[in-house]
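Structural description and commentary
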Amino acid sequence: MKEKIFLIGMMGAGKTSVGKWLSRELNVPFFDTDAMIETQLGMSIAEIFNKWGEVYFRKLEREILQTFRDKTKCVVSTGGGIVLAEENRQFLRSNGRVVFLQAGSETISKRLQGDDTRPLLKELSIETLIEQRKKLYETTAHFNILTDADSISEIGRRILTKL
Ligand SMILES: Nc1ncnc2c1ncn2[C@@H]1O[C@H](COP(=O)(O)OP(=O)(O)OP(=O)(O)O)[C@@H](O)[C@H]1O
Ligand SMILES: O=C(O)C1=C[C@@H](O)[C@@H](O)[C@H](O)C1
Ligand SMILES: [Mg+2]
């Protein structure tokens, strides 16, 4: 593997799980932009949204993404809304291979059941978010992988064959 791999997609699509699997398999570092932001601020994503709002969170997200400019081989799981900024979409495509992990709303609802740490889901439904973002994920990614039916390792192997 020569490049950075960026995993994009909705919350619950499996970016963190598959990203960790890929990084172990490829023996390269794993990063998670949400976790990096939380570490940097010493606060959870929900706390950041509550205290400073989404606009500030998106600014932090854009800044964190830029730190990958100088990194070599690694796997990066990105926040579900990373594709909302044109600047991020361009950065992702020109700095690595971008994989869209795609899951249907039923799968996502099932995976996020009982998880009340998602600020955006307090205002919008999963269906609405998918509707708003599907095109952005598709046009940013080099290829997509459906994650509804397969295990994390099966998804990881499918990505490796396509890279
Ligand atoms: N292919 C899969 N099959 C079954 N369960 C899965 C699969 N992928 C992920 N999950 C489960 O779904 C939940 C969400 O997965 P994960 O945290 O990897 O998603 P994510 O895309 O990183 O979401 P977010 O970053 O928004 O938290 C976890 O509990 C995980 O174990
Ligand atoms: O889909 C989104 O916009 C988000 C997804 C999460 O990964 C976090 O980045 C945050 O909760 C926002
Ligand atoms: Mg994640």
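Keep in mind that what you see is a predicted model, and the values were worked out from it rather than measured. (Residues numbered from 1 in each chain as written. Chains lettered and ligands numbered in written order. Predicted model: local features only at pLDDT ≥ 70, side-chain atom pairs only at ≥ 80, totals over all residues. Heavy atoms only, no water.)

So, about the overall build of the protein chain. If you tally the helices and strands in the protein chain, you get seven helices and five strands. The dimensions of the protein chain, computed from C-alpha atoms along their principal axes, are 40 × 35 × 25 Å. Taking as baseline every contact in the protein chain between residues at least 6 positions apart, the subset at least 24 positions apart corresponds to 74%. As displayed, the protein chain has an accessible area near 8500 Å², and 49% of this comes from carbon and sulfur atoms. Side-chain charges of the protein chain comprise 25 positive and 22 negative groups, with the mean position of each set lying 5 Å from the other. (Helix = DSSP H or I, 4+ residues; strand = E, 2+ residues; numbered from the N terminus. Contact = heavy atoms within 4.5 Å. Areas by Shrake-Rupley, 256 points an atom, 1.4 Å probe, with all protein chains shown as cover. Lys, Arg positive; Asp, Glu negative; His and termini not counted. Charge placed at Lys NZ, Arg CZ, Asp CG, Glu CD.)

Before going further, it helps to spend a moment on the packing of aromatic side chains. Enumeration according to the criterion identifies six aromatic pairs in this entry. The interplanar angle of 25 degrees and the centroid separation of 5.0 Å between the aromatic rings of Phe100 and Tyr137 together place this pair among those described as stacked. Taken together, the residues Phe100 in strand E4 (residues 97-102) and Tyr137 in helix H6 (residues 126-140) connect sequence positions 37 residues apart. Exposure remark for Tyr137: the relative accessible area of 2% places this residue in the buried category. Clustering of aromatic rings is evident, with ring pairs tying together Phe6, Phe31, Phe68 and Phe91. Across the ring face of Phe31, the terminal group of Lys71 is positioned such that the distance to the ring centre comes to 5.0 Å. (Phe/Tyr/Trp six-rings, centres within 6.5 Å; stacked < 30°, edge-to-face > 60°. Buried < 20%, exposed > 50% of the residue type's maximum accessible area, 1.4 Å probe, protein only. Lys NZ or Arg CZ within 6 Å of the ring centre and 35° of its normal.)

In the UniProt entry, the feature "binding site: ATP" (unreviewed entry) is given for Gly12, Ala13, Gly14, Lys15, Thr16, Ser17 and Arg118. Within the secondary structure, Lys15 sits in helix H1 (residues 15-26). Once residues within four sequence positions are removed from consideration, Lys15 is found in contact with Leu7, Ile8, Gly9, Met10, Ser77, Thr78, Gly79, Gly80 and Leu101. Of note is the side chain of Lys15, whose polar atom sits 3.0 Å from the backbone oxygen of Gly9. Examined against the element boundaries, Ser17 turns out to sit in helix H1. By relative accessible area, Ser17 is classed as partly exposed at 35%. (UniProt positions renumbered as here; feature names shortened; annotations may be inferred. Polar contact = N/O pair within 3.5 Å; in protein donor to acceptor, adjacent residues only side chain to side chain.)

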